[in-house]
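Coordinates in review
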Amino acid sequence: MRSSGPDIVPFYAGEINRRAAALSRAGQSIIPMHLGQPTRGPSEATIAAAQRALVAGPNGYWESHELKERLTEHYREWYGVEVAPERILLTNGASAALVAVFAAMFATGERIALARPGYPAYRNTLTALGRVPVELDCGAASRYRLTASVLAALDPAPHGVVVASPANPTGTMLDAAELQALADECKRRDIVFISDEIYHGVTYRGRSVSALEVTQDAIVINSFSKFCRMPGWRLGWLVVPPPLIEKLQMYVGNFFLTAPNVAQAAAVAALGDGNELRGAIIEYARNRELLLRELPKLGILPVVEPEGAFYIYADVSRYTRSSLEFCHQLLEQTGIALAPGVDFDPVGGGPFVRFFTAVSTHEIEQALERLEKWLAR
Ligand SMILES: Cc1ncc(COP(=O)(O)O)c(C=O)c1O
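Keep in mind it's a predicted model, so treat the numbers as computed, not measured.

The rules behind each value
Residues numbered from 1 in each chain as written. Predicted model: local features only at pLDDT ≥ 70, side-chain atom pairs only at ≥ 80, totals over all residues. Heavy atoms only, no water. Helix = DSSP H or I, 4+ residues; strand = E, 2+ residues; numbered from the N terminus. Expected span 1.5 Å × (residues − 1). Buried < 20%, exposed > 50% of the residue type's maximum accessible area, 1.4 Å probe, protein only. Arc of directions from axis to C-beta. Phe/Tyr/Trp six-rings, centres within 6.5 Å; stacked < 30°, edge-to-face > 60°. Near = heavy atom within 4 Å. Polar contact = N/O pair within 3.5 Å; in protein donor to acceptor, adjacent residues only side chain to side chain. Areas by Shrake-Rupley, 256 points an atom, 1.4 Å probe, with all protein chains shown as cover. 1 Å grid on protein atoms, 1.4 Å probe; cavity = no way out; pocket = protein on both sides within 12 Å on 5 of 7 lines; lining within 4 Å. Sits in = over half its atoms within 2 Å of the grid points. Points joined across faces, edges and corners; volume = space filled by probe spheres on them. Nonpolar A, V, L, I, M, F, W, Y, C, P; charged D, E, K, R; others polar. Domains from an automatic or database assignment.

Comments concerning helix α8 (residues 245-256)
Counted at 1.5 Å a residue, the expected span for α8 with its 12 residues is 16 Å, and the 16 Å between its end C-alpha atoms agrees. Within α8, burial applies to Ile245, Leu248 and Val252. Looking down the long axis of α8, one finds its buried residues gathered within 75 degrees of arc, a one-sided arrangement. Facing away from the buried side of α8, by more than 90 degrees, are the exposed residues Glu246 and Asn254. Positive backbone phi, at 55 degrees, marks Leu257, one or two positions downstream of α8.

Structural notes on the packing of aromatic side chains
With the rule as written, the count across this model stands at 17 aromatic pairs. Judged by centre distance (5.5 Å) and plane angle (85 degrees), the rings of Tyr199 and Tyr311 are edge-to-face. A residue pair is termed long-range when its members are at least 10 positions apart, and Tyr199 in the loop between β6 (192-196) and β7 (219-223) and Tyr311 in strand β10 (residues 311-315) qualify at 112 residues. Plain terms: the ring middles of Phe310 and Phe356 are 5.0 Å apart, the flat faces sit at 85 degrees to each other, and that makes the pair edge-to-face. Within this pair, whereas Phe310 is found in the loop between β9 (301-302) and β10, its partner Phe356 is found in strand β12 (residues 352-356), the two being separated by 46 residues in sequence. Note on accessibility: Phe310 and Phe356 belong to one class, buried. Three or more aromatic residues joined by ring pairs make a cluster, and in this case those are Tyr199, Tyr284, Phe310, Tyr311 and Phe356.

Concerning the site of the ligand
In the vicinity of the ligand there are 13 residues, among which Ala94, Ser95, Asp196, Tyr199 and Ser223 approach most closely. A distance of 2.7 Å separates an oxygen atom of the ligand from a polar atom in the backbone of Ala94. Computed on the free molecule, the ligand has an accessible area of 400 Å², of which 93% lies beneath the protein chains in the complex. Taken atom by atom, the bulk of the ligand overlaps the largest pocket. Top element by residues in the shell around the ligand is helix α4 (residues 93-105). It accounts for three residues.

A closer look at the layout of surface pockets
By volume, the largest pocket amounts to about 540 Å³. The wall of the largest pocket is formed by 30 residues, among which Phe11, Gly36, Ser95, Tyr119 and Lys226 lie closest to the centre. A class-by-class count of the residues in the lining of the largest pocket yields 14 nonpolar, 11 polar and five charged. Structurally, the lining of the largest pocket is a two-domain feature, drawing no fewer than three residues from each of domain 1 (12-36 + 275-376) and domain 2 (56-272). By volume, the second largest pocket amounts to about 320 Å³. Contributing to the lining of the second largest pocket are 19 residues, with Cys186, Asp190, Ile191, Val192 and Phe193 lying nearest its centre.

Okay, here's the thing in structure tokens:
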């Protein structure tokens, strides 16, 4: 049958996920370290608020003004910046925000700069929409980050740039000075600056800085999937500069109508639950330490010590040049599910894998035991 949209590659971690689910249904014990979904669910207060909303409604297409006001407060509390509720658009996760922003801000054929390694859906969504991802090889020297100097060296200037700090898959961060330099470079060359702040709050060294602390011109994307541990609730948000509110509202509204209503009602409670949510970071930090210490003993070398997010991107070149095959074999033979490096870096990702660290510490210990036995064979 005819299908003229651009072809895109799979999200390989999704393939691993489908196979892991099938193995789990067949009774195999799976350690799910492939997707970025915390094992712990949302906070109790979040679930209680959702239960109330299920009974009391609202039950329609609905936008929570209360949630937008709570997000305004969140920006004050976390970053000391003023963001009027009108500048906040609620979306079906960060994923929908990315689709709306890529569609609204760029024309077919326009070029958007991204870090490689980076989050695969940036590249694949841009390609599907007829925009052109310009992947910049951001290696160890720049701690895998797309910095202002990398952007400045790009000639001609791209039409947009997307950065994530903390980053997926490396967990490295951009500080205020680096974000400022990026914002200045974007202003100088009229580049749309998109800051994906989905891992904010999940940090191990210092706090994550928002692009809104250094510029009012950035488009900021965020979500309840990570810090608030609500990935399946499909709720995220955009903060947009005032001149773009109306246009982006039209894109978000036409594409997705409204975000899930129960999730919106529950998210107000989630934002009030900072202490409980921060408690989980202690476990993620413990898991991160354990893996950083033990993986090198198995010949698996983390490329950097992540400062945030809940991943460890590691070099497995001692064992393979094809991380996709490696991940499939590992899953079949041990039940450990990892994400292959080719997801994040289609050019050089062959000898890399990504470990997700927000499972329980017991699962990390089990994974290390199974890995050691498997690699020894
Ligand atoms: C960097 C980054 N951005 C966006 C997303 C999409 O998240 P969601 O649609 O669940 O909010 C993810 C998911 O893992 C991510 O890692």
